[in-house]
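Descriptive analysis of the structure
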Amino acid sequence: MKIFSAAQLHEADKITTQKHNITQLDLMERAGTQIFNWLHGRMQGAQVPVHIFCGIGNNGGDGLVVGRMLHEHGYNVKIYIANFTDKRSKCFLVNYDRVKDVTKNWPTLMTSEEDFPEISPEDIIIDALFGIGLNRPPEGWVKKLIQYINSTKSFKLSIDIPSGMYADKALDDPEAVVRANHTLAFQAPKLSFFLPETGKFVPYFEVLEIGLDPEYLHTTEPLAQIIAKPEAQQFYKQREKYAHKGTYGHTLVIAGSYGKIGAAVLSAKASYKTGSGLVTAFVPECGYTVLQTAVPEAMTLTDKEDDLITEIKLDFEPSAIAVGMGIGTKAETVRALEKLFTTTKSPMVIDADALNCISENKSLLEKLPELSILTPHPGELKRLVGDWKDDFEKLEKTKAFAKQHNVIIIVKGANTIVAIENRLYINTTGNPGMATGGSGDVLSGMIAGLLSQGYDPLIASVFAAYLHGSAGNQATHTLGFEALTASDIVEHIGAAFLELFAMKQEEDKNKNA
Ligand SMILES: NC(=O)C1=CN([C@@H]2O[C@H](COP(=O)(O)OP(=O)(O)OC[C@H]3O[C@@H](n4cnc5c(N)ncnc54)[C@H](OP(=O)(O)O)[C@@H]3O)[C@@H](O)[C@H]2O)[C@@H](O)CC1
Ligand SMILES: [K+]
């Protein structure tokens, strides 16, 4: 699924009305009807008081359509217009009149704090104050209204976007955003839903299709793309019946130093569990017995040094390499990395301390093989691309860095984001339990495991991020968040593959029935 900017959504709106010979009002009716259907399906006529707060733009117009339909269906609804300016939109005005046609309970015009209504904790609030047309932070009594809404214990449903938040830029005033329990976004989610500073205002959302012009949506380069189950299903390559272990590549995991050999164990195991035919771990001498015991399937090569990696000597050509987990940043290790980068042709995942080595020795960047995959957490990313003022600038800097150095960057976080050239892919799986030591080592091993099997670097990146989050989600079914460890993620990689097609099998069964 694609994510569009506010400007693109306005453009899509315009093109849809022109090409499909419908009016803006028809589109608003569609949008409002979708929200009404969502509510009606859940409320089933319940007489819970519903308070709809409308602005004077088209988001407010949507609120009026919902209010009219709720009235028509006998719901207990009260509509308020936050009358902060006289510049009401055309569609707002038409729908304002239409409400008056169906009820004597006319909308209340609010012009100051004195007009704020009483709201009980059991009531429902619908927030239609501002949509994607917000162009400055809400101020004065309108900001107070948002804070008043937030102070209630009522369930808050935002239409299209929580009012006070922009679709595609940083918040101006976090005190002036509706803290919605749920958001129903039209046609596509907004980029701000997925970034830490703004996403916290959108704990849950659903997308409602409103039939914007398919050609525009298909051909327009989006701000970002969402990787959810339908996309992940398409990435999967079926294994061949006559395959042998050589068919699925030989992954090399270069990891570990004294006290951090576990990073190599997790990564090597994850490569195997993701389907790599063979896995070799290259570790300092002190890791030999650990590896042979903890991952008997893996072959182990060791450095001449006991406690760190100083020279990577290989006796085979790896199909893919994951390097950096727990290796430290000593000068000898940096030299070993430099040699690796300049001599190897294998696709490569560069993680953790290897990234820190690069940050401290920027000349290494020029030596990276093309389309190497860098997997920084926020601290490592900052050391690579420099500081940022907000999440949106972080993405811009990341994209610029990826383009400049012809690499793929996987920004790890609640929504892991993959950047390549000017494009962004946002992962949707994962959970807070996965913020645990070793989780990243598992991801690196998984990406390399997919690379070894011939997945191209971009697909390996986005698919591994999806499977990694999905494995973490599977693990929570029996463990919850707190008890989840990186080893549990590894143990649930199989379940993540199975889950990928679980629904599809059900659908196929239904189709054949
Ligand atoms: N995408 C689609 O295809 C469809 C979209 N639809 C809906 O339209 C919504 C977008 O509507 P919209 O463009 O009218 O903007 P919206 O947010 O309602 O109003 C903003 C208005 O308020 C003003 N204003 C701005 N900031 C302000 C502030 N801080 N404090 C005070 N005033 C402020 C600003 O005017 P200004 O004062 O700047 O002249 C502007 O006029 C969208 O979210 C969705 O719900 C559906 O109906 C159908 C299909
Ligand atoms: K809203």
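Remember, predicted model here, so these are calculated numbers, not experimental data.

Time to look at the overall build of the protein. Counting its regular elements, the protein contains 19 helices and 18 strands. Expressed as lengths along the three principal axes of its C-alpha atoms, the size of the protein is roughly 85 × 55 × 45 Å. In the protein, the proportion of contacts linking residues at least 24 apart, taken out of those at least 6 apart, comes to 74%.

Pairing is parallel in the open sheet, where seven strands are placed in the order β4-β3-β2-β5-β6-β7-β8. Strand pairing shows two members of the sheet lacking a second neighbour, β4 (108–110) and β8 (205–208), which therefore form its edges. When the angles between neighbouring strand axes are averaged without regard to direction, this sheet yields 20 degrees. Against the sheet, helix α2 (residues 24–43) engages β6 (155–159), β7 (182–186) and β8, with an angle of about 145 degrees to β7.

Moving on, we get to unusual backbone geometry. Notably, L371 is not glycine yet its phi reads approximately 55 degrees, a positive angle. Mapping L371 onto the fold places it in the loop between α12 (352–360) and β15 (373–375). Overall, the presence of 16 C-beta atoms within 10 Å leaves L371 in the partly exposed class. Here the phi dihedral of N406 falls at roughly 55 degrees; this positive angle occurs in a residue that is not glycine. In this fold, N406 is placed in the loop between α14 (391–405) and β16 (408–411).

The buried fraction of β6 amounts to four of the five residues, a majority that puts the element mostly inside the structure. Note: strand β5 (residues 124–128) against β6, four bridges, orientation parallel. The residue bridging I126 from the neighbouring strand is L157, located in β6. Between the parallel pair β5 and β6, the chain is carried across by helix α5 (residues 140–151), and the sense of this crossover is right-handed. Pairing between β6 and β7: three bridges, direction parallel. Within β7, the position partnered with L157 by the bridge is H182.

So, about the packing of helix α13 (residues 378–385) against α14. Packed helices, taken two at a time, are described by the angle between their axes plus the distance between the axes. The interhelical angle for the contact between α13 and α14, taken along N-to-C directions, is 60 degrees, at an axis separation of 11 Å. Looking at the two axes, α13 sits oblique to α14. Both α13 and α14 take part in a crossing whose hand is left-handed. Taking contact as the criterion, the partners of L381, L384 and V385 in α13 are, on α14, K397, T398 and F401.

It is worth spelling out the nonpolar core at this point. In this structure, V253, A264 and I447 are the most contacted members of the largest nonpolar core, which totals 153 residues. Among the elements that take part in this core, helix α16 (residues 457–479) stands out by supplying nine residues, more than any other. When residues of this core are assigned to domains, at least three fall in each of domain 1 (2–222) and domain 2 (232–498). Filtering out sequence-adjacent residues up to four positions away, V253 remains in contact with A264, S267, A268, S271, V279, A281, F282, A322, G445 and A448.

Turning our eyes to something else, we now look at α16. Residues that lie three or four places apart on an α-helix share one face, since the helix turns once every 3.6 residues. Helix length check: α16 (23 residues) gives 32 Å between terminal C-alpha atoms against 33 Å at 1.5 Å per residue, within 8%. Counting buried residues along α16, 17 of its 23 residues qualify, which places the element largely inside the surrounding structure.

Before going further, it helps to examine the UniProt feature "domain: YjeF N-terminal" (unreviewed entry) in the protein. Listed under "domain: YjeF N-terminal" (unreviewed entry) in the UniProt record, and renumbered for this structure, are residues 9–218. The span residues 9–218 shows a helical share of 38% and a strand share of 16%, and its end C-alpha atoms are spaced 13 Å apart.

This paragraph deals with the sheet that holds strand β9 (residues 224–227). The sheet built from 11 strands is open, its strands ordered β1-β9-β18-β17-β16-β15-β14-β13-β10-β11-β12 with mixed pairing. Looking at strand neighbours, the two that pair on one side only are β1 (2–3) and β12 (299–302), the edges of this open sheet. Relative to strand β11 (residues 278–283), strand β10 (residues 250–254) is paired through five bridges, and the arrangement is parallel. Counted as the bridge partner of T251 is V279 from β11.

What surrounds ligand 1 is a group of 32 residues, the closest being D13, G57, N58, G131 and G133. For the shell around ligand 1, the elements supplying multiple residues, two or more each, are α1 (6–19), α2 and α3 (58–72). Ranked by residues supplied to the shell around ligand 1, first place goes to α3 with five residues. Split by residue class, the shell around ligand 1 holds 16 nonpolar, 11 polar and five charged.

The subject of this paragraph is the UniProt feature "domain: YjeF C-terminal" (unreviewed entry) in the protein. The residues that UniProt annotates with the feature "domain: YjeF C-terminal" (unreviewed entry) are residues 228–500. As annotated, residues 228–500 comprises 45% helix and 14% strand, and the C-alpha atoms at either end are separated by 10 Å.

About the thresholds
All residue numbers here refer to positions counted from 1 along the written sequence of the relevant chain. Chains and ligands are labelled by the order in which they are written, letters from A for the one and numbers from 1 for the other. The predicted origin of the model limits local features to residues at a pLDDT of at least 70 and limits the giving and counting of side-chain atom pairs to 80 or more, whereas totals for whole chains, interfaces and linings rest on all residues. A helix here means a DSSP run of H or I that spans at least four residues, while a strand means a run of E at least two residues long, and both kinds are numbered starting from the N terminus. Whether two residues are in contact depends on their C-beta atoms, placed from the backbone: they are in contact if these lie within 7 Å. Any two strands are treated as partners once DSSP identifies two or more bridges connecting them. Angles run from 0 to 180 degrees between N-to-C directions of axes, and those axes are lines fitted to C-alpha atoms, restricted for helices to the stretch in contact. Exposed residues have 12 or fewer other C-beta atoms within 10 Å of their own C-beta, buried residues have 20 or more, and partly exposed residues fall in between, where C-beta atoms are placed from the backbone. Throughout, right-handed denotes a crossover for which the path from the first strand over the helix to the second runs clockwise when the strands point away from the viewer. Any angle between 65 and 115 degrees counts as roughly perpendicular, while under 35 counts as roughly parallel, over 145 as roughly antiparallel, and the rest as oblique. By definition, turning the near helix anticlockwise from the far helix through less than a right angle yields a left-handed crossing, and turning it clockwise yields a right-handed one. A set of buried residues drawn from Ala, Val, Leu, Ile, Met, Phe, Trp, Tyr and Cys, joined through C-beta atoms within 7 Å, is what defines a nonpolar core. Domain extents, as shown, originate in an automatic or database domain assignment. A helix is expected to reach a length of 1.5 Å times the quantity of its residues less one. UniProt positions are given in the numbering used here, feature names are shortened, and annotations may be inferred rather than shown by experiment. Residue proximity rests on one test: whether the C-beta atom, placed from the backbone, lies within 6 Å of the molecule or strand. Any residue that is not Ala, Val, Leu, Ile, Met, Phe, Trp, Tyr, Cys, Pro, Asp, Glu, Lys or Arg is counted as polar, Gly included; the first ten are nonpolar and the last four charged.

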